[in-house]
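Spelled out, the chains give:
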Amino acid sequence: MTNAMTEEPLERRAVISGIGQSEVGRRLLRTGLDLTIEAVERAVADAGLTLDEIDGVSTYPGTGGPFGGASGADLHDALRLRLGWRDGGLETAGQLGAVHKAVLAVAAGLARHVVVFRTVVEGSGNVLRPGGAGAGGALPAQMRYLIPFGAGSAANWIACYAQRHMHEFGTTREQLGAIAINGRRFAAMNPKAIYTEPMTMDDYLGVRMISDPFCLYDCDAPCDGSTAVIVSHRGHEPSAPHGVAHVNAMGTALRGRPSWDQFDDLTTMAMRDSAASLWERTDLGPADVDVAQLYDGFSWLTMAWIEALGFCGRGEGGPFVEGGERIGLGGTLPLNTWGGQLSSGRLHGFGFLHEAVLQLRGEGGARQVGGAEVAVVAAGGGPEVGCLLLTRGIR
Amino acid sequence: MPARFVTPDQSDEFFWRSGADGLLRFLACASCGRIHHPPVPRCPYCGSRDVAPRPVSGRATIATYTVNRQPFMPGFEPPYVIAIVEIDEDPTVRLMTNIVGCEIDDVHIGMAVDVTFEESGEWFVPLFTPRLTPRLTPRRQPPAS
């Protein structure tokens, strides 16, 4: 903790008291609200609460965001909730910004039990949404200088960073492949995973390219599903049937330009500052982390988070993951133990959060990391990132 | 030629019209002299409101690139090169763009490129092409005298 911080960080007042996840699949043909209610009911029960006790709702991104889903208002109304606080939006520290805000609301006493959710109906999106995905409309400012050049996918933008990382540090495709293969290995232990058949390095190197240096297996799998967590005041801990995950620190900083193409360093992204701000708020450090859940919307993003969080030096992410031993179940930093989005589906950050809590509770089953006390969760890429440090007890 | 989806507003119409005379322009500050991008009404460096479009040389360097091989967007036939280039006058000013007029395999980080414009409706979309550098040394050494 920095000297400037004389009081306990406010986030220590909050815990994650419950988790819930809907059915997850490639093409469920269920509405976002339907999946959301399923996840929320499971999370509320898991926290030992009833819907009457939920007095806050927070979601990312809320109305109009990418990949479909349900809004906070949709859930609010469907469950006839009586709320002290509600929030949703895209302009935050990535997907986990919804958790950050819920934590602050709880710490400030605006609500005692906030349901935080992210729902995606990307697999079924073109069927459920009239006009299909991305139909019509003017471009948001951030996209105006990308779309005219056929750079329509985040794969293109992030591939540019990966390519620069390779150029400066000698990172290889095999090293990116180690992240994909690691995820696939864990996915085999996750009943909800999308892809579970074993993947070899030859499989990885042989599949078609999407946007150099990314092949198909560097890109995550669109899916349908909803994940919810309950952020409660820590006073609820004795009543939480499955125990809680304590919020030790939040990484919220966005110090560089909020841009895919104008960010100052093309070998890292906003995670550089997000991670730094996380460690500024705690006495714990990278060496204390037992399990890491680091966003893999594209494989290289995980590598960028590994470097940003200080698990290795800048530019050393490739050698760090190479071979996969270090990031496997018996390694020093078991990584993306639910399979990650590459193999278990684009639950848009919240799959990582769900897994971190599961691991801290010791409920990971075959994929449980022994003695997991400290978990880091990071989500997002480009200018939209955030992270969390969760602990089993108070640290 | 793909239909390029250009959607300017008052702030950046000049940018997308600039190529009509073959020149690339950025907003430049009359007070501190720096150019910036995307255009905003107040100089991000010194705070002056005295900003106006100013032509640059059109010379740039490829900072990074990707070869897109997936048909993500209607009208854009893969493969094609998406690059981020740094403008010579101020390398912190970058453009995402396409590299045209060369083989895909010839594109590399650090490559010197020049702007070229593609007309798309009423707009001029800045693309970049490898610079044809004049040969600095004679092809053969002159005979020793």
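Here, residues in each chain are numbered from 1, in the same order as that chain's written sequence. Chains and ligands are labelled by the order in which they are written, letters from A for the one and numbers from 1 for the other. The predicted nature of this model means local features are confined to residues of pLDDT at least 70 and side-chain atom pairs, given and counted, to a pLDDT of 80 or more, with totals for whole chains, interfaces and linings taken over all residues. Heavy atoms from the whole structure form the basis of all side-chain values; hydrogens and water molecules are not counted.

Caption draft 1: How the structure looks around the overall build of chain B. Helix and strand assignments follow DSSP, with helices taken as H or I runs no shorter than four residues and strands as E runs no shorter than two, numbered in order from the N terminus. Check the secondary structure of chain B and you find one helix and eight strands. Sequence-ordered secondary structure for chain B, helices as α and strands as β, is α-β-β-β-β-β-β-β-β. When the 145 residues of chain B are sorted by exposure, 46% land in the buried category. Considering only intrachain contacts with a sequence separation of at least 6, the fraction spanning at least 24 residues in chain B is 52%. Note on areas: Shrake-Rupley, 1.4 Å probe, and residue coverage restricted to the protein chains presented here. Per element, the accessible surface of chain B, about 7800 Å² overall, is 52% carbon and sulfur. Remark: exposure states derive from per-residue accessible area (1.4 Å probe, protein chains only) relative to the maximum for the residue type, with buried under 20%, exposed over 50%, and partly exposed in between. The criterion used for residue contact is that any of the two residues' heavy atoms lie within 4.5 Å.

Caption draft 2: Layout of the overall build of chain A. In terms of helices and strands, chain A carries twelve helices and eleven strands. The quantity called the radius of gyration is restricted to C-alpha atoms. Its globule counterpart is 2.2 Å times the number of residues to the power 0.38. In summary, chain A has a C-alpha radius of gyration of 19 Å against a globular reference of 21 Å for 395 residues, a match within 12%. Considering only C-alpha atoms, chain A reaches an extent of 55 × 50 × 40 Å along its principal axes. Looking at the 395 residues of chain A, the share that counts as buried comes to 63%. Long-range contacts, defined as pairs at least 24 residues apart, comprise 77% of the intrachain contacts of chain A with a sequence gap of at least 6. Surface accessibility of chain A: about 13600 Å² in total, with carbon and sulfur atoms responsible for 50%.

Caption draft 3: Structural detail: the sheet that holds strand 3 (residues 85-88) of chain A. All names here are of chain A. A pair of strands counts as paired when DSSP detects no fewer than two bridges linking them. Taken together, the nine strands give an open sheet; going across it, the order is 3-2-4-7-1-8-11-10-9, and neighbouring strands pair in mixed fashion. Single-partner strands in this sheet number two, and they are strand 3 and strand 9 (291-294). Strand-to-strand, the axes of this sheet are offset by a mean angle of 25°, without reference to chain direction. Where strand 9 and strand 10 (residues 374-381) come together, four bridges link them in parallel fashion. Inter-axis angles, ranging from 0 to 180 degrees, are taken between N-to-C directions of lines fitted to C-alpha atoms, where helices are fitted over the stretch in contact.

Caption draft 4: Fine view of the confidence of the model for chain A. Here chain A shows a mean pLDDT of 94. Residues at 70 or above account for 95%. Considering only residues more than four positions removed or in separate chains, one finds that residues 130-136 of chain A, a stretch of pLDDT under 50, has two contacts. Confidence of the predictor at the level of single residues is given by pLDDT, which spans 0 to 100.

Caption draft 5: Highlighting the pairing of strand 1 (residues 24-29) of chain B. Residue and element names in this part refer to chain B. Of all the six residues making up strand 1, six are buried; the element is thus mostly covered by neighbouring parts of the structure. Examined bridge by bridge, strand 1 and strand 3 (residues 51-56) share six bridges and lie antiparallel to one another. What sits directly across from Leu 27, in strand 3, is Pro 53. One ladder, built from two bridges, connects strand 1 with strand 2 (residues 35-36); its direction is antiparallel.

Caption draft 6: Summary view of the side chain of B:Ser18. Position of B:Ser18 among the secondary structure elements: in the loop between helix 1 (13-17) and strand 1. In contact with B:Ser18, not counting residues within four places along its chain, are B:Leu23, B:Leu24 and B:Arg25.

Caption draft 7: Representation of the packing of aromatic side chains in the model. Residue and element names in this part refer to chain B. Aromatic contacts are taken between Phe, Tyr and Trp rings whose centres are within 6.5 Å, Trp giving its six-membered ring; a plane angle under 30 degrees counts as stacked, one over 60 as edge-to-face, and the others as tilted. A full pass over the atoms with the stated rule returns eleven aromatic pairs over all chains. Ring geometry for Phe 15 against Phe 26: centres 6.0 Å apart, planes inclined by 45°, an arrangement best described as tilted. Within this pair, whereas Phe 15 is found in helix 1, its partner Phe 26 is found in strand 1, the two being separated by eleven residues in sequence. On the basis of relative accessibility, which here comes to 2%, the residue Phe 15 falls in the buried class. For Phe 26, a relative accessible area of 1% gives the class buried.

Caption draft 8: Focus on the packing of helix 5 (residues 154-169) of chain A against helix 9 (residues 299-308) of chain A. All names here are of chain A. At a minimum axis separation of 10 Å, helix 5 and helix 9 run at an interaxial angle of 60°. The pairing of helix 5 with helix 9 is recorded here as oblique in orientation. When the axes of helix 5 and helix 9 are compared, the crossing they make is left-handed. Residues Ile 158, Tyr 161, Ala 162 and His 165 of helix 5 form the contact with helix 9, whose own contacting residues are Trp 300, Leu 301, Met 303 and Glu 307. Per-class residue counts for the contact of helix 5 with helix 9 are six nonpolar, one polar and one charged. Orientation categories follow fixed angle ranges, with anything under 35 degrees roughly parallel, anything over 145 roughly antiparallel, 65 to 115 roughly perpendicular, and all other angles oblique. Crossings are assigned a handedness: left-handed for a near helix turned anticlockwise from the far helix by less than a right angle, right-handed for a clockwise turn. Ten residues, namely Ala, Val, Leu, Ile, Met, Phe, Trp, Tyr, Cys and Pro, are considered nonpolar, four, namely Asp, Glu, Lys and Arg, are considered charged, and the remaining ones, Gly among them, are considered polar.

Caption draft 9: Structural context of unusual backbone geometry. Residue and element names in this part refer to chain A. With omega at -5°, the peptide bond leading from Tyr 60 into Pro 61 counts as cis. Note that Pro 61 resides in the loop between strand 2 (56-59) and helix 2 (72-78). In this model, Asn 336 sits at a positive phi of 50°, which is unusual for a non-glycine residue. Along the chain, Asn 336 falls in the loop between helix 10 (317-321) and helix 11 (340-344). In the Ramachandran plot, His 348 falls in the positive-phi region, its phi being about 55° despite a non-glycine side chain. Note that His 348 resides in the loop between helix 11 and helix 12 (350-360). For His 348, a relative accessible area of 5% puts it in the buried group.

Caption draft 10: Spotlight on the pattern of salt bridges. Residue and element names in this part refer to chain A. Salt bridge, as used here, is a side-chain nitrogen of Lys or Arg placed within 4 Å of a carboxyl oxygen of Asp or Glu. Under the counting rule described, the total for this entry stands at 30 salt bridges over all chains. Between Glu 8 and Arg 234 there is a salt bridge, and its shortest N-O distance comes to 3.6 Å. One end of the pair, Glu 8, is in the segment before strand 1 (14-21); the other, Arg 234, is in the loop between strand 7 (224-233) and strand 8 (245-251), with 226 residues separating them in the sequence. Put simply, Glu 197 and Arg 184 hold a salt bridge, and the shortest N to O gap is 3.9 Å.

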